[in-house]
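Tertiary structure, described
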Amino acid sequence: MAKPVKVTRTLHSQGLNRSKHDRLADMAVLCGRVRADTWRRCGGIATVRQSPYDIRDDWMSEGYDWYGLPARLGKAMLTDALGDIKAARESAKVPVRKAIRHRTRGDKAERKRLYTLLKLDQWDEDPFLHRQMRNRWKGGRSHVTNQIVADSGSYTTKVWKGRAWVYLQGMERGQRIAIPLKGTHLPSGTLRILLQPNGQVAVHYAVDETEVCSTRPCGDATVGVDKGYTEAYTDSDGERHGQGLGDLLAAESDHQKDKGQRRNRLKATAEKHEAKGHHRKADNIRRHNLGRNKWNRRKRRHKKRTRDHLCHAAHAVVDKANTIACEDLTASMKSAQYRHKDTNRRLNGWVKDVMADTLTSISRRRGSAPALVNPAYTSQIDSRTGLLQGRRQWDRFYCCDGAVLDADANAACNILARLYDDEITLYTPFREVKALLVERTRLSVGTAPPGLELRGPATTPPSTESELPASVPKCAE
């Protein structure tokens, strides 16, 4: 049976007074010191093979005082920081595995040996692995002073007068800090209490995904979706989901540009007053015109609005399909150098990571199955033939026989077809994909597409976004 997936639920406080917030802030500073000590002492190779319990026992045996924190809160913060260190170390192993695959081509026994050493954290026994991990895993440090981690034994909860309350262990023995929450949901398990600039706190805790699962069923179709900028998704049936995404992102990008230019002018004015000795004028400009509160509030509102827009689009896709083939766009894409700087700035705000996260989480909660496919050249293939024939230009795909297809729908059809392509897997390098497509076109047509002959390895992966200009030339007559 598969292990249940954990998701984070967030509860916000309401009516937390200033005195309680100050007490929590003092505790958060002390927790930050424990976290910083953990990164400094356990962020290297010396503690790689030690369990969190062994590290905790070593600290206790040497008389570590947790900077005056209650021992429970200190131990919870130590465990949380060790989890962050382990997550950073595991993420560093991803490019190391890729280096192992390149080094051990054709030698499965050596590849298995290196994979085993890497998985068991015994990579210091092999010079190649040790060198790779030393280059990829740089350790780190922590400056976090705005959060408190509390295990289930350091707080109690109850519903009183129509709202939920969390009673957190305080610095004084027998004294607890009562935190009022919005609603009547009671948190459980390990809590992460984040202090916010508005004088309130947010309580994060993990729950099984089944507890927040939507009761809406998914569809029964199998579709491919192309992720776009002007709209979130275009499926293989030609239907668009999340229209207006490009307008939303472009409007916010333009506002940030204008706002930033005006702030830069004010900053230059303050520096001129400072140079002339008018310190009071310069301080007034910095205090009243160059603050970050309104800027940060607008960024948070934009992030929430964008995520809500993408969630509606993802629900529309899941309403239709139970198997969704989509591109894996985690790798960086080639950027056209001849676009206008305003176009580049707007496209830099494309939220492809949020798009992938919302589609994955929503489809999983509703019982659908997202399937990632290799994105190389999916926007440059004629979906009717599966060959490198035709020319993509902006939102149109011009075929060799004179037909004009919608570029997004054409790419979505190619993505769906790649789901069943046994020769092109998710991890096939784009150079091999290019060689395979060129060979298929040559065998079918009799000649390779002009401009795509194999003249040596490319230096940058091709762009797969259908709104960007095409790099595939016209096919031969």
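Description of the structure in this document. (Residues numbered from 1 in each chain as written. Predicted model: local features only at pLDDT ≥ 70, side-chain atom pairs only at ≥ 80, totals over all residues. Heavy atoms only, no water.)

A few points about the overall build of the protein chain
Looking only at helices and strands, the protein chain features twelve helices and 15 strands. Here the protein chain, with 477 residues, has 41% of them falling under the buried criterion. For the protein chain, contacts bridging at least 24 residues in sequence account for 68% of all contacts bridging at least 6. Working note: accessible area of the protein chain is about 26600 Å², and carbon and sulfur atoms make up 50% of it. (Helix = DSSP H or I, 4+ residues; strand = E, 2+ residues; numbered from the N terminus. Buried < 20%, exposed > 50% of the residue type's maximum accessible area, 1.4 Å probe, protein only. Contact = heavy atoms within 4.5 Å. Areas by Shrake-Rupley, 256 points an atom, 1.4 Å probe, with all protein chains shown as cover.)

Looking at the packing of helix H2 (residues 52-61) against helix H3 (residues 71-103)
Where H2 contacts H3, the axes come no closer than 10 Å and their chain directions differ by 135 degrees. Looking at the two axes, H2 sits oblique to H3. The element H2 and its partner H3 pack so that their crossing is right-handed. Along its contact with H2, which presents Pro52, Ile55, Arg56, Trp59 and Met60, the element H3 presents Lys75, Leu78 and Leu82. Residue classes in the contact of H2 with H3 are distributed as six nonpolar, no polar and two charged. (Axes fitted to C-alpha atoms, helices over the stretch in contact; angles between N-to-C directions. Parallel < 35°, antiparallel > 145°, perpendicular 65-115°, else oblique. Left-handed = near helix turned anticlockwise from the far one by under 90°. Nonpolar A, V, L, I, M, F, W, Y, C, P; charged D, E, K, R; others polar.)

Some words on the nonpolar core
Burial of nonpolar side chains together is a common tendency in soluble globular proteins. Residues Leu24, Leu129, Leu168 and Ile179 are the most contacted members of the largest nonpolar core, which totals 51 residues. Looking at this core, the element that brings in the most residues is H3, giving ten residues. Setting aside residues up to four positions removed in sequence, leucine 24 forms contacts with Leu16, Ile148, Leu168, Ile177, Ile179, Leu195 and Val201. One finds Val225, Tyr233, Cys326 and Leu359 within the second-largest nonpolar core, a separate group that totals 22 residues. (Core = buried A, V, L, I, M, F, W, Y, C linked by side-chain atoms within 4.5 Å.)

A word on the packing of aromatic side chains
For the coordinates displayed, the defined rule picks out seven aromatic pairs. A ring pair is formed by tryptophan 123 and tryptophan 137, whose centres lie 6.1 Å apart and whose planes are at 90 degrees; its orientation type is edge-to-face. In this pair, tryptophan 123 is assigned in the loop between helix H4 (108-119) and helix H5 (127-136) and tryptophan 137 in the loop between H5 and strand E2 (147-150), connecting sequence segments 14 residues apart. Exposure class is identical for tryptophan 123 and tryptophan 137. Each is buried. These aromatic residues form a ring-pair network of at least three members: Trp59, Tyr64, Trp66 and Tyr67. Above the face of the phenylalanine 128 ring, arginine 103 is positioned so that its terminal group lies 4.2 Å from the ring centre. (Phe/Tyr/Trp six-rings, centres within 6.5 Å; stacked < 30°, edge-to-face > 60°. Lys NZ or Arg CZ within 6 Å of the ring centre and 35° of its normal.)

A few points about the sheet that holds strand E14 (residues 396-398)
Reading across from one edge, E13-E14-E15 is the order of the three strands in this open sheet, with antiparallel pairing throughout. Looking at strand neighbours, the two that pair on one side only are strand E13 (391-393) and strand E15 (404-406), the edges of this open sheet. Pairs of neighbouring strands in the sheet enclose a mean axial angle of 30 degrees, with direction left out of account. Examined bridge by bridge, E13 and E14 share three bridges and lie antiparallel to one another. When the sheet's bridge partners are listed, arginine 392 is paired in E14 with phenylalanine 397. On top of the sheet, helix H11 (residues 407-418) reaches E13, E14 and E15; it is set at about 75 degrees to E15, its chief contact. (Pairing = 2+ DSSP bridges.)

A short note on helix H6 (residues 245-275)
An ideal rise of 1.5 Å per residue puts 45 Å on 31 residues; H6 measures up with 45 Å between its terminal C-alpha atoms. Taken together, the buried positions of H6 are Leu245, Gly246, Leu248, Leu249, Ala250, Glu252, Ser253, Gly260, Arg263, Ala270 and His273. Packed against the buried residues of H6 are strand E9 (231-235), strand E10 (240-243), helix H7 (279-289), helix H8 (293-318), helix H9 (341-348) and helix H10 (352-365). In the stretch just after H6, glycine 277 is the one whose phi turns positive, near 90 degrees. (Expected span 1.5 Å × (residues − 1).)

Topic: the sheet that holds strand E4 (residues 163-169)
If you trace the three strands from one edge of the open sheet to the other, you get E3-E4-E5, paired in antiparallel fashion. Each having just a single partner strand, strand E3 (155-160) and strand E5 (176-180) make up the two edges of the open sheet. For this sheet the average axis-to-axis angle between neighbouring strands, irrespective of direction, equals 25 degrees. Summarising the sheet, E4 and E5 pair through five bridges and their orientation is antiparallel. The partner of glutamine 169 across the bridge, within E5, is arginine 176.

Brief notes about the environment of glutamate 423
Residue position: glutamate 423 is located in the loop between H11 and helix H12 (430-445). Take glutamate 423: its relative accessible area is 52%, and that puts it in the exposed class. Separated by ten residues in sequence, glutamate 423 and valine 433 place their C-alpha atoms 8.8 Å apart. Among all residues touching glutamate 423, those that are not within four sequence positions of it are Thr428, Leu436 and Arg440. A polar atom in the side chain of glutamate 423 sits 2.6 Å from the side chain of arginine 440. (Polar contact = N/O pair within 3.5 Å; in protein donor to acceptor, adjacent residues only side chain to side chain.)

Focus: the pairing of E9
A regular strand carries its side chains on alternate faces of the sheet. With respect to burial, E9 is a largely interior element, five of its five residues being buried. Pairing geometry for strand E8 (residues 221-227) and E9, over three bridges, is antiparallel. Bridge pairing in E9 places valine 225 opposite aspartate 235. Between the antiparallel neighbours E8 and E9 lie three residues.

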